[in-house]
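# Examination of the molecular architecture
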Amino acid sequence: MSLFGALSTANTGLKVSQTATDVISNNIANAENENYTRQRVNLAQKHTLPTSVGDIGTGAEVNEVIRIHNEFTFARYRDASADNQYFAYQQGILEEISQYFPEIDELGIQRDISNYFDAWQKFASNPSDSSQKVALAQTTMTLTKNISDIRERLTDMQSYLNDQLISGINEVNRIADKIATINHEINQIEVTDYDHANKLRDERDQLELALYELVAPTVNKSGTQSFTEVDINHADYSEFYHIELGGYPLVDGDSAHELEITASDGTSGSLRSVFFKESDGNLVNITKGITNGKLGAVLDLRGRDFNYDLEQPADGIIQDFVDGLDVLARTIIQQTNNVYANSADTYMQSNKIGISTSLTASETTRVLSELFKKDDTKDVQIGDMTIATYDLRGNKNEEDIVIRIDPTKNSITSIAQTINAEFAARNVNAEAVIEMGTLVIQPGGNNGTETVSAALIKKDNSLIVEALNMTGSQRLDRVDDLEIPFDILDGTFDIGLFDSYGNLKATRTITIDKTSTDPLYSTLNGIAAQINMPYIDDDGDNDYSNDLDDMVEANFSNDQFSIKVKNEEVGAYFNIIDNGTGFAGAVGLHKFLEGDSAKTIRLNREYEKNPPKINAYSNPVDGNNEVANAMQQLQYDSVPFFNVDGTTDWETISGGYRYYAGKLAEKTHSVQISVETYSAVYTSIKQQNDSLSRVSVDEELTNLMMFQTGYGANAKVITTIQQMLDTLLTLKQ
């Protein structure tokens, strides 16, 4: 080997040291960049030349510049980042919501409830004082408004989270598209095993981490390579790259699949879900597949399923609190109205209960199969309608009336005619009529001897009752579920009859059994029939002409239940004393509060406009304060809270509020503990990842000194060889 060969060998040393210095300089320049992965040169000996004394090397070279990355540690770092984002985001939202439910009694709804019952107590002390009525009205409006306002804030938070989901999914699409583009660029650069797109890989890791913090997808990689000769901890991937979300591909190599965010029912509704579009254009809902990261927290808070009939989420942490607030409001409404129905009056009318099908005169004459053929939920079938009849004392007659209904032959009019023909043949003093476009069976109409007090639909195998939505004839367990926002319990309630002097003249007990096969006890029409039953001696004087049915009448028509005094000139009044059914409060008879949820709760508009109309009495006598006393006593009574999941809790109204507020506090505390735990895990794993991949300036300076020394040594070799060459040239002269 010649001196020129030695000179070339030393020159390779200079180049290696220079390249290594360039890499070290780049590392130091990016020392504060969290998204930069430190790089190292992979040095190798160049080829050797065979000589008579053996093989002699020709210097050193840089095979490749690699980044020091450990995929296994990075994967743990990604997962920890997703967990940390999930709980940290939940914590921020729950702590904000917690401000709506202060834990001390002097603030918030707890104080308003206390003030509400205090106002009733003051009213009971002076039931004729109009100023106390005004104060009660104002206190009630404060309570109801604050309940409504808090619910609105919760639903506003759901809307905010919905907006966060929309922007977050748009960001997911942007990141996925960028990752696919980077994958394509990496494939173009990394043609051989020695080509490394380090900068692009860093950018992809940064995007991958951001994607994990948003939705925590599943990332699949293969072709992991280790370079232990450079760094024992190095392990990077080089081949397959695939990202899935909810079981569907988000990124497949250099292809990205965009997610769509729209309403679950396919409309442009405000509450959105996340969809994956398949190759055939079919949209697959993958909302439930997003369970971690910021958007996983958003969905757990806002909810993933929707009740489009109610226009609200069907699940979610915040919806649990909304539901709890609604249950509280419904309990306050029902229990207050239940007590207030004890205030005697001449007329009480319920809220709307159901929406009966209203048909025109021409429609009632069309055959049923034609009338309902466009609505599968209202199909009428061939079957029997069974009608039960009752004597004057309310005893059920042994023989039922069975009407055969064929939707291909019968119209509603013809059914009414058939029923009336059966009534006439059996001398039943009742009549089937078409009222407000639907079928109604009522007493009277025939000339026979009055021996029947009521005729009620007992069973309907033809489904005509359901088709026409005849709420009054449907069993209360079904009506309770579909049409009434308040639960009615089995049991009894009493109707008291008073004269103009406030004397109790008669009392009739009404029985409710929601699941009974006897419609007298399980339907709204049956309850009305019990009130109207003519041959019951309510006052025990053996005179059937001065009882409840002689003074008042009940009716269910036009989707409302009503009780009224037949002739107000006689000076009669009635009230309702509940024995645990909750009936008056459930249907809204003589209501003090309106509404059916925390959203709609409010003081009866009549009392808002004219507070002096508020009554403290049970019987209409000056100074009577029995209702006001019962109302303030209500705060100490355990009452049923009918939860959304079908369970029932018995608590005081204040206790019920504390329970729901406590659930929020407990959930917030639980998340706070999780934040502390996962934050500690995240910090630990991040430190581990940083120790492997982040730049250590001290280490770089040490390496710099090493290569500086090498550079100087190689330069010295070159200087020495140059002197040797000069000497050689001098000798040749």
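This text gives an overview of the structure that appears in the document.

About the criteria used
- Residues numbered from 1 in each chain as written.
- Predicted model: local features only at pLDDT ≥ 70, side-chain atom pairs only at ≥ 80, totals over all residues.
- Heavy atoms only, no water.
- Pairing = 2+ DSSP bridges.
- Helix = DSSP H or I, 4+ residues; strand = E, 2+ residues; numbered from the N terminus.
- Axes fitted to C-alpha atoms, helices over the stretch in contact; angles between N-to-C directions.
- Contact = heavy atoms within 4.5 Å.
- Salt bridge = Lys/Arg side-chain N within 4 Å of Asp/Glu carboxyl O.
- Buried < 20%, exposed > 50% of the residue type's maximum accessible area, 1.4 Å probe, protein only.

## Observations concerning the sheet that holds strand E22 (residues 491–498)
Taken in spatial order, the three strands make up an open sheet running E23-E22-E26, and their pairing is antiparallel. Only two strands of the sheet have a single neighbouring strand rather than two, namely strand E23 (504–512) and strand E26 (573–578). Here the average twist between neighbouring strands, direction ignored, is 20°. Where E22 and E26 come together, six bridges link them in antiparallel fashion. Within the sheet, the bridge partner assigned to Asp 494 lies in E26 and is Ile 577. Docked against the sheet, helix H13 (residues 524–532) engages E22 and E23, running at close to 150° with respect to E23.

## Considerations on the side chain of Asn 703
Within the secondary structure, Asn 703 is located in helix H19 (residues 697–732). The contacts of Asn 703, once residues within four sequence positions are left out, are Ile 24 and Arg 40.

## Considering the pattern of salt bridges
By the definition in use, this model includes 34 salt bridges. Notably, a salt bridge pairs Asp 149 with Lys 145, separated by 2.7 Å at the nearest N-O pair. Residue Asp 149 and its partner Lys 145 are both found in helix H4 (residues 130–189); the two are separated by four residues, about one turn of the helix. Across the pair Glu 422 and Arg 426 runs a salt bridge, and its minimum N-O distance is 3.2 Å. Judged by relative accessible area, which is 26%, Glu 422 ranks as partly exposed.

## Some words on the environment of Thr 413
Inspection of the secondary structure puts Thr 413 in helix H9 (residues 412–425). Here the alpha-carbon distance between Thr 413 and Arg 366, two residues 47 residues apart in the chain, equals 8.4 Å. Once you skip the residues sitting within four places of it in the chain, Thr 413 turns out to touch Thr 364 and Thr 365.

Keep in mind these values describe shape, not function.
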